[in-house]
Amino acid sequence: MLLSLLNSAYFFLATAKFGLMQWLAFNACSLSIIAYLACFICFQITRKDLVLAIALLPQYYYGTMGLFVVSWDAANLVPQITHIIITLNVIWIIFLLLKGSKYESLGKGLLIGVLLFVPLFAIIQNYSQAHMAEFMELLQKAGY
């Protein structure tokens, strides 16, 4: 997932010349990867399963759902590979928690994820819709 994040950062920040906030708003999968990596690092340090579950909602929303929302054409091959990788991480976390009977961690982590990320989803959606013309203009300037 780190490689997918670095690829996205390179494309949006270096190639297409987006700003940092524009990149995170227009490619929210990157934000979900950042959330996952932060939670994964915290999990490695604390060994608290709850932390992994917090990252499930943004991964599912932007990664797994991206498999169905983004078209499956040549231009979207790399994003779709990223969505598959994110989905595999969702499956891994759910398997890990269910295998270990960590239902409390799963429930609490999902609740915390909802409280943290649903307001952020709304902000991202509103920003993206309000600035879609700017997004398209930046892509055209980059030659895409």
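My aim in this report is to walk through the structure given alongside it, one point at a time. (Residues numbered from 1 in each chain as written. Predicted model: local features only at pLDDT ≥ 70, side-chain atom pairs only at ≥ 80, totals over all residues. Heavy atoms only, no water.)

### A short note on the packing of aromatic side chains
For any pair of aromatic rings, the description consists of the separation of the ring centres together with the inter-plane angle of the planes.
1) Next: On inspection of all chains with the given rule, the structure shows twelve aromatic pairs.
2) Next: Note on F12 and F18: the rings are 5.1 Å apart at their centroids and 80° apart in plane angle, and the pair reads as edge-to-face.
3) Next: Overall, F12 belongs to the buried group, its relative accessible area being 10%.
4) Next: F18 gets classed as buried once you look at its relative accessible area, which sits at 4%.
5) Next: Aromatic side chains Y62 and F121 sit 5.1 Å apart centroid to centroid with 85° between the ring planes, which places their arrangement in the edge-to-face category. Remark: F121 occurs in helix α8 (residues 103–130) and Y62 occurs in helix α5 (residues 56–64); sequence separation between them is 59 residues. Here Y62 and F121 have matching classes, each one buried.
6) Next: Of the aromatic side chains, those joined through ring pairs into one cluster are F11, F12, F18, F26, Y127 and F135.
7) Next: When the ring centre of F43 is taken as origin, the NZ or CZ atom of R47, which lies over that ring, is 5.2 Å away. (Phe/Tyr/Trp six-rings, centres within 6.5 Å; stacked < 30°, edge-to-face > 60°. Buried < 20%, exposed > 50% of the residue type's maximum accessible area, 1.4 Å probe, protein only. Helix = DSSP H or I, 4+ residues; strand = E, 2+ residues; numbered from the N terminus. Lys NZ or Arg CZ within 6 Å of the ring centre and 35° of its normal.)

### Thoughts on a nonpolar patch on the surface
1) Next: Together, W72, I84, L88 and I91 line one region of the surface with nonpolar side chains, adding up to about 430 Å² of accessible area.
2) Next: Structurally, the position occupied by L88 is in helix α7 (residues 77–99). (Patch = residues over 30% accessible without salt bridge, like charges linked within 9 Å, V, L, I, M, F, W, Y side chains within 5 Å. Areas by Shrake-Rupley, 256 points an atom, 1.4 Å probe, with all protein chains shown as cover. Salt bridge = Lys/Arg side-chain N within 4 Å of Asp/Glu carboxyl O.)

### Examining α5
1) Next: All of the buried residues along α5 are L56, P58, Q59, Y62, G63 and T64. The arc that holds every buried residue of α5, seen down its axis, measures 165°, which confines them to one face.
2) Next: Taken together, the buried residues of α5 touch α3 (28–46), α4 (49–54), α6 (66–69), α7 and α8. (Arc of directions from axis to C-beta. Contact = heavy atoms within 4.5 Å.)

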